[in-house]
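An overview of the molecular structure
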Amino acid sequence: MSAAALNAISVDVEDWLQSTIDPELPLTDRFHHSTRLVLEAFAKRGVKSTCFILGLAAEKAPGLVREIRAAGHEIQSHGYGHRLVYTQTPEQFRQDIDRARKLLEDLTGARITGYRAPAFSITRQNLWALDVLLETGHEYDSSIFPLRTRRYGIPDAPRHPHRARTPAGNLITELPVACYNVWGRRLPIGGGGYFRLFPYGLIRRGVRQINTESQPATIYMHPYEYDPIEFDQLDYPVPWKMRLHQGLGRRGFPGKIDRLLLDFRFGTMGEVIGSLGELPVYDYGAGGQPAA
Ligand SMILES: [Zn+2]
């Protein structure tokens, strides 16, 4: 039965202001409370997730990292400083993810094997990043968005988990975020602004389609999506256009997640990978040159 398929639910643990507005800004502490709301929502439905924690967030709130771990969630890496990968040289990227990995391993006592890039910033132009991930002990990635958006995505990338062949010829497990194939197009139903905007019925149809294809859906979210009053409380003038785009749908967000948790089976990325058989290999080709 497709309804019994195990899907992956993931949280990119970060602070909205620092991650979205400017990585130079200090982190606010709003994510402490909103992350706890997310953990409560998962606990209510008995669901374990994967938390991709930003190194800066772990440094600011080490107790929160331990709480996440104690609640049984899988902890993985969102990198250290929330710099877009395609703006970094391979060496800068290596330093960023190594720093995050060591920090999180020290805090949790567990190996860090998974990674999600800030704003899905692994594209066809910087596939070398996949090799750097393997060289630094990572075994899976969830950073390639399988459709084109304004800033990121690889439109012809597989929609389902696969082994990505890297420019150096290595293989890394890739879990793309859920996309619904409809009217000959891919709709990104797995999270973000689209998830907040789309009616729940559309998201449910998309997850159902993926499960009917005997595949897991990967959902992603952020603590700030549980914080609808953030812009009124920040000591920072958020431009109205940004408020509109970033705030839209936050109020309805927790309800949508709860319905999803009731309608489908969810677990960690690691559990989902463990539930899959041998994955097909997809060759991304040469994948561009490192940024200067
Ligand atoms: Zn992020």
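Reference entry: report on the structure contained in this document.

What to know about the overall build of the protein chain
The helix and strand tally for the protein chain stands at 12 helices and 12 strands. Relative to the compact-globule value of 19 Å for 292 residues, the protein chain shows a C-alpha radius of gyration of 18 Å, a close match. Principal axes of the C-alpha set define a box for the protein chain whose edges measure 50 × 45 × 40 Å. Going through the 292 residues of the protein chain one by one, you find that 45% of them count as buried. A separation threshold of at least 6 residues defines the contact pool for the protein chain, and within that pool the share at least 24 residues apart is 76%.

A closer look at the nonpolar core
Judged by nonpolar contacts, the single largest core of 73 residues is most densely connected at Val-13, Ile-53, Ala-57, Ile-122, Ala-129, Ala-178 and Ile-219. In contact with Ile-122, not counting residues within four places along its chain, are Val-85, Ala-117, Leu-127, Ala-129, Leu-130, Ser-143 and Ile-144.

Re the pairing of strand E2 (residues 50–53)
Taking every second residue as pointing to the same face, both faces of E2 are buried, with Thr-50 and Phe-52 on one and Cys-51 and Ile-53 on the other. Of the strand pairs in this sheet, strand E1 (residues 6–13) and E2 are connected by four bridges, and their pairing is parallel. Bridging across to E2, Asp-12 finds its partner in Phe-52. Judged from the four bridges that link them, E2 and strand E3 (residues 74–77) form a sheet pairing that is parallel. Directly across from Cys-51, in E3, lies its bridge partner Ile-75.

A short note on helix H8 (residues 200–212)
The end-to-end C-alpha distance of H8 is 18 Å, a good match for the 18 Å that 13 residues give at a rise of 1.5 Å each. The set of residues buried in H8 consists of Ile-203, Gly-206, Val-207, Ile-210 and Asn-211. Buried positions in H8, seen along its axis, are confined to an arc of 135° and lie on one side of it. Exposed residues pointing more than 90 degrees away from the buried face of H8 are listed as Gly-201 and Thr-212. Residues of H8 that are buried in the fold lie against E1, strand E8 (179–182), strand E9 (185–188), helix H7 (192–197) and helix H11 (253–263). Count one or two residues on from H8 and you reach Ser-214, which has phi positive near 60°.

Describing the pairing of strand E10 (residues 218–221)
Because side chains alternate across E10, one face comprises the buried residues Thr-218 and Tyr-220, and the other comprises Ile-219 and Met-221, equally buried. By the bridge criterion, four bridges tie E1 to E10 in an arrangement that is parallel. Its bridge partner lying in E10, Ile-9 is registered against Ile-219.

Quick notes on the environment of Ala-71
Within the secondary structure layout, Ala-71 lies in the loop between helix H4 (62–70) and E3. Residue classification places Ala-71 among the partly exposed positions, given that 15 C-beta atoms sit within 10 Å. Sequence separation between Ala-71 and Lys-256 is 185 residues, and the spatial gap between their C-alpha atoms is 22 Å. Every residue in contact with Ala-71, bar those within four places of it in the chain, is listed here: Leu-39 and Ala-43.

With respect to unusual backbone geometry
Despite not being glycine, His-82 has its phi angle at roughly 60°, a positive value. One can find His-82 in the loop between E3 and helix H5 (90–108). We classify His-82 as buried; it has 24 C-beta atoms within 10 Å.

Details of the environment of Asp-263
Within the element layout of this structure, Asp-263 appears in helix H11. For Asp-263, a count of 14 C-beta atoms within 10 Å gives the class partly exposed.

Quick notes on the packing of H5 against helix H6 (residues 128–135)
Helix-helix packing is described using two parameters, namely the angle between the two axes and the distance between the axes. With their axes 10 Å apart at the nearest point, H5 and H6 run at an angle of 40° to one another. In terms of their interaxial angle, H5 and H6 are classed as oblique. You can see that H5 and H6 cross each other, and the crossing is right-handed. Residues Pro-90, Phe-93, Arg-94 and Ile-97 of H5 form the contact with H6, whose participating residues are Trp-128, Ala-129, Val-132 and Leu-133.

A few points about H6
Residues separated by three or four positions in an α-helix point in the same direction, a consequence of the helix having 3.6 residues per turn. Of the residues making up H6, those classed as buried are Trp-128, Ala-129, Leu-130, Val-132 and Leu-133. Of the surrounding secondary structure, the elements contacted by the buried residues of H6 are H5, strand E4 (114–115), strand E5 (140–141), strand E6 (162–165) and strand E7 (171–174). Just beyond H6, the residue with positive phi is Gly-137, at close to 90°.

Rules used throughout
Residues numbered from 1 in each chain as written. Predicted model: local features only at pLDDT ≥ 70, side-chain atom pairs only at ≥ 80, totals over all residues. Helix = DSSP H or I, 4+ residues; strand = E, 2+ residues; numbered from the N terminus. Rg over C-alpha atoms; globule rule 2.2 N^0.38 Å. Buried ≥ 20, exposed ≤ 12 C-beta atoms within 10 Å, placed from the backbone. Contact = placed C-beta atoms within 7 Å. Core = buried A, V, L, I, M, F, W, Y, C linked by C-beta atoms within 7 Å. Pairing = 2+ DSSP bridges. Expected span 1.5 Å × (residues − 1). Arc of directions from axis to C-beta. Axes fitted to C-alpha atoms, helices over the stretch in contact; angles between N-to-C directions. Parallel < 35°, antiparallel > 145°, perpendicular 65-115°, else oblique. Left-handed = near helix turned anticlockwise from the far one by under 90°.

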